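Chain by chain, the residues run as shown.
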Amino acid sequence: MDYIVTIYSDRMYNLEPDICDTIDKTLYIFNRAKLSSYNMAFLKEIDPLTYALKYGNKSIYNIIKEKYKMDTYYTNSAVNEGVGSFKSQVELNKLYKTQKEEAIKAIETKLKEETKKLEKYIILRDKLNIYRQELKKKGKSKKLKTGFSNISCNGYNIIVRSLKNKKIKTYEYGLYSFEYDYLNPKIKYLKSKISKLKYRLNNTKTKLKNLDKIKHIRFNKNTKYNSYLISGRSDGAYKNFVFKAMPHEKDNYFYFDINASFPSGFNHTFKDILFKYRGKELANALKFNNPIAIGLIKKTDGEGKIYYQFKVTFNLGETSNLNTNKSNGIVGIDFNYGFLAISDIDSKGNMVNSFTIPYEITDNSKQNELNLRYALNKIGEYVKRKGKTLVIEDLDTSKSKMKNTYKNPVLNKVLHSFPYEKYIQITKYTGVKYGFLVKLVSPKYTSIIGLLKYSYKMKLNSHIAASFVIARRGLGIQEKVPFCYKHLIPKEIKYKHNWSKWNKLNSINKSNIKELKKKDKKNKEYKNYKNTVTLYNGSEKVHYLTKEDIKLKKEKKYNQKLNKILLF
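Residues take numbers from 1 onward in each chain, read along the sequence in its written order. Residue-level local features of this predicted model are given only where pLDDT is at least 70; pairs of side-chain atoms are given and counted only at 80 or more, and the full residue set underlies all totals for whole chains, interfaces and linings. The basis for every side-chain value is the complete set of heavy atoms in the structure, and neither hydrogens nor water enter the calculation.

K.L.:
Got a minute to help me understand the sheet that holds strand β13 (residues 351-358) in this structure?
P.N.:
As summarised here, the arrangement of the 5 strands in space is β13-β12-β11-β14-β15, forming an open sheet in which the pairing is mixed. Each edge of the open sheet is held by one strand with a lone partner, namely β13 and β15 (438-441). Neighbour to neighbour, the strand axes of the sheet diverge by 25 degrees on average, direction disregarded. Any two strands with at least two DSSP bridges between them are considered paired. Helix and strand definitions follow DSSP, with helices as H or I runs of at least four residues and strands as E runs of at least two, each counted in order from the N terminus. Both strand β11 (residues 330-336) and strand β14 (residues 389-393) contribute to a ladder of 3 bridges, which runs parallel. In the sheet register, I330 faces β14, and the bridge partner there is T389. Whenever a helix is involved, its axis is fitted only over the stretch in contact; in every case the axis is a line through C-alpha atoms, and angles between N-to-C directions fall within 0 to 180 degrees.

K.L.:
Sorry, what's going on with the sheet that holds strand β5 (residues 227-230) here?
P.N.:
Strand pairing in a sheet relies on backbone hydrogen bonds, with the paired strands running either antiparallel or parallel. As summarised here, the arrangement of the 4 strands in space is β1-β10-β9-β5, forming an open sheet in which the pairing is antiparallel. If you trace the sheet from one side to the other, it starts and ends with β1 (4-8) and β5, each paired once. Strand after strand, the sheet turns through a mean of 20 degrees between neighbouring axes, direction not considered. In the sheet, strand β9 (residues 293-300) pairs with strand β10 (residues 306-315) via 8 bridges, with the strands oriented antiparallel. For L296, the partnering residue across the bridge sits in β10 and is F310. Sitting on the sheet, helix α1 (residues 17-46) is in contact with β5, β9 and β10, with an inclination near 80 degrees to β5. The contact rule is simple, with two residues in contact once any of their heavy atoms fall within 4.5 Å.

K.L.:
Help me understand the pairing of strand β12 (residues 339-345) in this model?
P.N.:
The side chains of a regular strand alternate, residue by residue, between the two faces of the sheet. Each residue gets one of three labels from its accessible area relative to the maximum for its type: buried under 20%, exposed over 50%, partly exposed in between, using a 1.4 Å probe on protein chains only. Burial within β12 is extensive, with 6 of its 7 residues counted as buried. Across 7 bridges, the pairing between β11 and β12 is antiparallel. Considered in β12, the bridge of D334 is made with A341. Two successive antiparallel strands, β11 and β12, enclose a turn made up of 2 residues, where G338 displays a positive phi of approximately 95 degrees. Relative to β13, β12 runs antiparallel, the two sharing 7 bridges.

K.L.:
Teacher, can you tell me more about the packing of aromatic side chains here?
P.N.:
Two aromatic rings, drawn from Phe, Tyr or Trp (for Trp, its six-membered ring), form a pair once their centres lie within 6.5 Å of each other, and the interplanar angle then sorts them: stacked below 30 degrees, edge-to-face above 60, tilted otherwise. Per the counting criterion, the structure on display carries 23 aromatic pairs. Where Y73 meets F241, the ring centres are 5.1 Å apart and the plane angle is 25 degrees; that geometry is what we call stacked. Of this pair, Y73 sits in helix α4 (residues 72-137) while F241 sits in the loop between β5 and β6 (243-250); the two residues are 168 residues apart in sequence, bridging distant segments of the chain. Looking at Y73, the relative accessible area reads 33%, which means it is partly exposed. Under the relative-accessibility criterion, F241 is labelled partly exposed at 31%. By the ring-pair criterion, three or more aromatic residues cluster together here, those being F30, Y74, Y228, F243, F270 and F310. Over the aromatic face of Y255 sits the side chain of K250, whose NZ or CZ is 4.9 Å from the ring centroid. Only Lys NZ and Arg CZ are tested; either one counts as a charge over a ring when it is within 6 Å of the ring centre and within 35 degrees of the ring normal.

K.L.:
For this particular structure, what's the right way to read the pattern of salt bridges?
P.N.:
Two side chains carrying opposite charge are able to pair once their charged atoms lie near each other. Each salt bridge in this description consists of a side-chain nitrogen of Lys or Arg and a carboxyl oxygen of Asp or Glu lying within 4 Å of one another. Under the defined criterion, the tally for this structure stands at 16 salt bridges. Between K193 and E114 there is a salt bridge, with the nearest N and O atoms lying 3.6 Å from each other. Of this pair, K193 sits in helix α5 (residues 175-210) while E114 sits in helix α4; the two residues are 79 residues apart in sequence, bridging distant segments of the chain. One salt bridge connects D344 with K388, and the closest N-O pair in it is separated by 2.4 Å. Here D344, found in strand β12, pairs with K388, found in the loop between α8 (365-386) and β14; they are 44 residues apart in sequence, far enough to count as distant. Like D344, the residue K388 is buried in the burial classification. Residues joined in a network through salt bridges with shared partners are K110, E114 and K193.

K.L.:
I keep staring at helix α12 (residues 446-458) and nothing clicks. Help me out?
P.N.:
Since one α-helical turn is 3.6 residues long, residues separated by three or four positions face the same way. Under the 1.5 Å per step criterion, the end-to-end length of α12 is only 16 Å for 13 residues, more than 12% shorter than the ideal 18 Å. Where α12 bends most, the angle comes to about 35 degrees, and this point is L452. Counting buried residues along α12, 11 of its 13 residues qualify, which places the element largely inside the surrounding structure. By the burial criterion, the buried members of α12 are T446, I448, I449, G450, L451, L452, K453, Y454, S455, K457 and M458. Backbone geometry just after α12 places K459 at a positive phi near 55 degrees. Any helix carries an expected span of 1.5 Å times its number of residues minus one. At every residue, the bend is computed as the angle between two fitted axes, covering the seven residues ending there and the seven beginning there respectively.

K.L.:
What should I look at first to understand a nonpolar patch on the surface in this one?
P.N.:
There is a patch of nonpolar side chains on the surface, built from L92, L95 and Y96 and spanning about 230 Å² of accessible area. Here L92 lies in helix α4. Under the relative-accessibility criterion, L92 is labelled partly exposed at 38%. Each patch is built from residues lacking any salt bridge and having more than 30% relative accessible area; the joining distance is 9 Å for like charges and 5 Å for nonpolar side chains (Val, Leu, Ile, Met, Phe, Trp, Tyr). Here the Shrake-Rupley method, with its probe set to 1.4 Å, supplies the accessible areas, and only the displayed protein chains count as covering residues.

K.L.:
Quick question: what am I supposed to make of the side chain of K453 here?
P.N.:
Looking at where K453 falls in the secondary structure, it is placed in helix α12. Polar contact is defined as a pair of N or O atoms within 3.5 Å, subject to the rule that within protein one atom must be able to donate a hydrogen and the other to accept it, and that residues adjacent in sequence are counted only when both atoms are side-chain atoms. One polar contact links the side chain of K453 to the main-chain carbonyl oxygen of K480, over a distance of 3.0 Å.

K.L.:
So what exactly am I meant to see when it comes to the packing of α1 against helix α3 (residues 60-68) here?
P.N.:
For any two helices packed against each other, one specifies the inter-axial angle together with the distance between the axes. The contact between α1 and α3 brings their axes to 10 Å, and the two run at 145 degrees. Considering how the two elements wind past one another, α1 and α3 form a crossing that is right-handed. Contact with α1, carried on its side by I29, R32, A33, S36, S37, M40 and A41, involves I60, I63, I64 and Y68 of α3 and no other residues of that element. Following the grouping adopted for this structure description, the nonpolar residues are Ala, Val, Leu, Ile, Met, Phe, Trp, Tyr, Cys and Pro, the charged ones are Asp, Glu, Lys and Arg, and the polar ones are all others, Gly among them. In terms of residue class, the contact of α1 with α3 is made up of 8 nonpolar, 2 polar and 1 charged. Handedness of a helix crossing follows the sense of rotation of the near helix relative to the far helix, less than a right angle counterclockwise being left-handed and clockwise being right-handed.

K.L.:
Would you mind showing me how to read the environment of K127 here?
P.N.:
Turning to its location among the elements, K127 is positioned in helix α4. Spatially, the C-alpha atoms of K127 and L144 are 7.5 Å apart, while their sequence positions differ by 17 residues. Setting aside chain neighbours within four positions, we find K127 in contact with L144 and K145. A polar contact is formed between the side chain of K127 and the backbone oxygen of K145, at a distance of 3.3 Å.

K.L.:
What should I look at first to understand the packing of α12 against helix α13 (residues 462-474) in this one?
P.N.:
At a minimum axis separation of 8 Å, α12 and α13 run at an interaxial angle of 110 degrees. When the axis of α12 is compared with that of α13, the two are roughly perpendicular. Here α12 and α13 pass one another in a crossing that is right-handed. Two secondary-structure elements touch here, α12 through T446, S447, I449, G450, Y454, S455 and M458 and α13 through A465, A466, F468, V469, I470, R472 and R473. When describing relative orientation, an angle under 35 degrees is termed roughly parallel and one over 145 degrees roughly antiparallel, while 65 to 115 degrees is termed roughly perpendicular and anything else oblique.

Written as structure tokens, this is what we have:
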């Protein structure tokens, strides 16, 4: 399990002038090399012809090494950082483009909905004028068809029903007051809303066009680039060839003697460097075959004094003794707004225990994080006590946030109130803290599988059923479609992967599936047949027989087919 942490040493004031000069020169040369490698990667990707004319067939590494005259380790780290920053910028641009495209789709669909509403209200106003004129002339008129489910006409009165705070309120208007007090303000509001949506649509389209151009990073030595980081090597004795850290314990703290070599050929040993946070873990990481990146930072405090710090980055998940055994079973979590649904299963995929842990959501993001940490600590204690591993969903809500902007307000609040990436990071830290593996699985169709396959049969709510599916997916169990839903799957996807079948069932409305199930029970072609095999704490699996199944049963071949169906 990857859980990368970055720790900082105590501040180093009043260093010798020679050491300060060498560090400052190294910072300047390294960051210049990093920027030039970034620009070369930019040129090589966007305009390869000019790169070939300017540098020929030389690689970026060789150009940087010749230009700045640094050793292999410094050059390699500078090139890696420069090229990596360019690649990350390209990937971020792709992500921003997809987000803007989804936002444009959402705005366009909302525009269509609002324009349809506006047209309906304008048509209703025209109908109302005709209705009033007919009443004046003849005294009678045909019933006014409003075109809205919440608006009805009763002779000379028009009744409007609206939902506020989960309560239906009714308002009664006259024929004239309805136009001036209800229809005209509605039309005015919709027109302003449509104009705002059009402005937002044009704005997002221009932003999408601007994302096609990737801008250069400009170098400014006074404000930025006051640090450098040397990538580690797992084959080295100290896991880094430039900075060699040697730990020793003193007064229940871990101190390090760090021998640093600079590009100028100057070597210096920084003695008794203290890492108050995770110093013990760093000393433990030096024993494993994992690289450790070490660097130096130059900063200024509030009083204007210059100080230096060591920055260390290493993989805490790979260097910790984590429980990866799945023979005792596994625990699955379904992350929800305000609570966590947990399912505990054994090694064969059967339910052992299920419960929910609530956590409070406030307007303060830091308080939300603390509340979630407290809830996850409870789960960590439970998983450690049971000697199991944990499974969570690998959630990515970057697209869905833009899709659901104008749809469900509750879902929109859930997606924007808490960052899911933060939830994954906190869960991984909980696994490292309590000493168990945290596995990420795909979140596809967990809710629909739990609803259709387990919630009715095992009498579980939808969230617990989803966490049960997540836990089973962590064991590598494939969820096949139950026999009672196979008649809903077309022949084209009959032999495809199970996820394509669940996708088809997910596209059908859940209420329609319930109605179809009831119709199947009433249909004479189907007969209820209860299987004698009991699964999951004695709950029985029910499926239905077609005409072909009845014929097979008569020919004594049905039992073979039944055994195949019961396999999950």
